[in-house]
Amino acid sequence: PLIRFIGLLRTGLGAGELPPDFKFRICGKGAPARLLALCDGEHFVYHGFVENLEPYLASTRAIFCYLPGGSGVKTKIVEAFGYGKVVVCDELSAKALPELFERSGTPVARTFEHAYKLFRSIIDGSLAVTDIGPYVRDSYSWTALMRRQMRFMKEVARKCSAKPK
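Since the model is a prediction, treat every value here as computed from it, not as a measurement.

Participant: Help me understand the pattern of salt bridges, please; the structure alone is not making it clear to me.
Facilitator: Scanning the model with the defined rule gives 4 salt bridges in all. E113 is the salt-bridge partner of R4, the closest N and O atoms lying 3.6 Å from each other. In this pair, R4 sits in helix α1 (residues 2-12) while E113 sits in helix α7 (residues 112-124), placing the two residues 109 residues apart along the sequence. What makes E113 partly exposed here is its relative accessible area of 39%. Here E99 and R103 are joined by a salt bridge, their closest N and O atoms 3.1 Å apart. Taken together, the residues span about one helical turn, with E99 and R103 both in helix α6 (residues 98-104) at a distance of 4 residues.

Participant: Help me understand the pairing of strand β3 (residues 62-65) in this model?
Facilitator: Remember that side chains alternate between the two faces of the sheet whenever the strand is regular. Neither face of β3 is exposed, since A62 and F64 on one face and I63 and C65 on the opposite face are all buried. In the sheet, β3 pairs with strand β4 (residues 86-89) via 4 bridges, with the strands oriented parallel. For A62, the partnering residue across the bridge sits in β4 and is V86.

Participant: What is the right way to look at the nonpolar core in this model?
Facilitator: One broad trend across soluble globular proteins is that nonpolar side chains are buried collectively. Among the nonpolar cores identified, the biggest contains 24 residues, and F5, F24, F64, V88 and F119 are the most heavily contacted of them. Those elements giving two or more residues to this core turn out to be α1, β1 (24-27), α2 (33-38), β3, β4 and α7. By size, the runner-up hydrophobic cluster in this structure holds 16 residues, among which are I63, I77, A94 and F101.

Definitions and limits used
- Residues numbered from 1 in each chain as written.
- Predicted model: local features only at pLDDT ≥ 70, side-chain atom pairs only at ≥ 80, totals over all residues.
- Heavy atoms only, no water.
- Salt bridge = Lys/Arg side-chain N within 4 Å of Asp/Glu carboxyl O.
- Helix = DSSP H or I, 4+ residues; strand = E, 2+ residues; numbered from the N terminus.
- Buried < 20%, exposed > 50% of the residue type's maximum accessible area, 1.4 Å probe, protein only.
- Pairing = 2+ DSSP bridges.
- Core = buried A, V, L, I, M, F, W, Y, C linked by side-chain atoms within 4.5 Å.

Geometry only, nothing functional implied.
Written out as structure tokens, the structure reads:
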């Protein structure tokens, strides 16, 4: 997904349209060669695995978060909202945290083209969302997350042990 999205950004936002300070930072280990080929070191920068995401979250306007598969709480999304950032992600990634997207007024990208339009709106400053950082830090602290996870696990265990009708 990321390769396709960066391709859209690079072709749709020609170099002349990118603000001089625009950086699309990619963090994560094991990037494929096709992704590395799209990184120019100026506007599209690959950092590899980073031990601490805080400096990146603190210095960015938006987070692009397409998470393949899985379910449950997406910590990167919670962290980004906690820093008051706009989160651009797909419906699957947002599914576990619909409340945060509703509270912030952040639209969920239905397609890559929609994600591209959201990024254009972020770059030109026309996408207005509510900063829900304080709410997220209070409601989704580590302790709150653990309590919520334990309730979820108990509910799953209860449903799994229920006799089929």
